[in-house]
Amino acid sequence: MPYIEHPLAVATRLAERDYGEEVLAAALLHDVVEDTETTVEELRTELGARVAELVAALSDDESIDDYLERKDEHRRRVAAAGPDAVAIYAADKLTNVVTLRGAYARQGEAVGAELKVSLETKLAIWDADVEMLGGEDPQPPCLADLRAELRRLRADRAAASRPAGT
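Along every chain, residues carry numbers that run from 1 in the direction the sequence is written. Totals for whole chains, interfaces and linings use all residues, but because this is a predicted model, local features are given only for residues with pLDDT of at least 70 and pairs of side-chain atoms are given and counted only at 80 or more. In computing side-chain properties, one takes all heavy atoms of the structure into account and sets aside hydrogens as well as water.

Glancing now at the environment of Ile4. You can see Ile4 is positioned in helix H1 (residues 2-15). Along the chain, Ile4 and Glu120 lie 116 residues apart, while their C-alpha atoms are 27 Å from each other. A run of H or I in DSSP counts as a helix once it spans at least four residues, and a run of E counts as a strand once it spans at least two, with each numbered from the N terminus.

Following this line, the structure appears as structure tokens:
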């Protein structure tokens, strides 16, 4: 289900903001190169250069072993790819934070065991994402919601760490 629900949620956020078909197609396929054997060239052949370029910009470079370096490189590549890639990236991050908040509500700090990195590292990466997104002109439409969801996640964690009755 996550392979269907997540990209659909990302694309829906952008459809609600009247993005065009190529952006919506790329939003639906933004994880396909990372999660399947599908290549950017196959996407180019089937869906055209623009969709393939957007998906390529939104795909992590798995050849970079260090997780933080890979995420830094990814942010730079997304920013260089232009406003449509930035919008998809912002919608993706927002969807990820919303999903994690829901999981946190059910599992608490144990949700961190399901992540590739610690929850603290994940939050630091999302903070860096917000910083990059905030520097874009125009700023992506999901940025305010992303900031708000990150604040809520931090508030959820703070509330959970307080002793009962305080």
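Continuing now.
Attention shifts here to helix H2 (residues 21-29). Whether a residue is buried, partly exposed or exposed follows from its accessible area with a 1.4 Å probe, protein chains only, as a fraction of its type maximum: under 20%, in between, or over 50%, in that order. Within the sequence span of H2, burial applies to Val23, Leu24, Ala26 and Ala27. The buried residues of H2 all sit within an arc of 160 degrees when viewed along its axis, so they share a single face. In this structure, the buried side of H2 is in contact with H1, helix H5 (49-57) and helix H7 (83-107). The directions from the helix axis to the C-beta atoms are what the arc is built from. A contact between two residues is defined here by any heavy atoms of the two lying within 4.5 Å.

Each residue after the first adds 1.5 Å to the expected span of a helix. For helix H8 (residues 119-134), spanning 16 residues, the distance from its first C-alpha to its last is 22 Å, which sits close to the expected 22 Å at 1.5 Å a residue. What H8 keeps buried is the set Leu119, Lys122, Leu123, Ile125, Trp126, Asp129, Val130, Met132 and Leu133. Those residues of H8 that are buried are in contact with helix H6 (67-81), H7 and helix H9 (143-161).

Turning our eyes to something else, we now look at the side chain of Ser59. Tracing the sequence through the fold places Ser59 in the loop between H5 and H6. If we ignore the near neighbours within four places in the chain, the residues touching Ser59 are His30, Val33, Glu34, His74 and Arg77.

Next up on the list: the packing of H2 against H5. Axis definition: a line fitted to C-alpha atoms, over the contacting stretch in the case of helices. Angles run 0 to 180 degrees between N-to-C directions. Axis separation between H2 and H5 bottoms out at 9 Å; the angle between their running directions is 40 degrees. Judged by the inter-axis angle, H2 sits oblique to H5. With respect to the hand of their crossing, H2 and H5 are arranged in right-handed fashion. Facing Glu22, Val23, Ala25, Ala26 and Leu29 of H2, the residues of H5 in contact are Arg50, Val51, Leu54 and Val55. All residues other than Ala, Val, Leu, Ile, Met, Phe, Trp, Tyr, Cys, Pro, Asp, Glu, Lys and Arg, Gly among them, are scored as polar; the first ten of these are nonpolar and the last four charged. Its residues assigned to classes, the contact of H2 with H5 comprises seven nonpolar, no polar and two charged. Oblique is the label for any angle not under 35 degrees, not over 145, and not in the 65 to 115 range, which are roughly parallel, roughly antiparallel and roughly perpendicular in turn. Definitions for this section: a left-handed crossing has its near helix turned counterclockwise from the far helix by less than a right angle. A right-handed crossing has that turn clockwise.

Okay, the environment of Arg106 next. Structurally, Arg106 can be placed in helix H7. Using a relative accessible area of 63% as the deciding quantity, one classes Arg106 as exposed. Along the chain, Arg106 and Pro7 lie 99 residues apart, while their C-alpha atoms are 22 Å from each other.

The N-to-C vectors of H8 and H9 enclose an angle of 155 degrees; their axes lie 10 Å apart at closest approach. Taken as axis vectors, H8 and H9 run roughly antiparallel relative to one another. Where H8 crosses over H9, the handedness of that crossing is left-handed. Packed against H8, whose contacting residues are Leu119, Glu120, Leu123, Trp126, Asp127, Val130, Leu133 and Gly134, the element H9 presents Leu143, Leu146, Arg147, Leu150, Leu153, Arg154 and Arg157 at the interface. Looking at the contact of H8 with H9 residue by residue, the class counts come to nine nonpolar, one polar and five charged.

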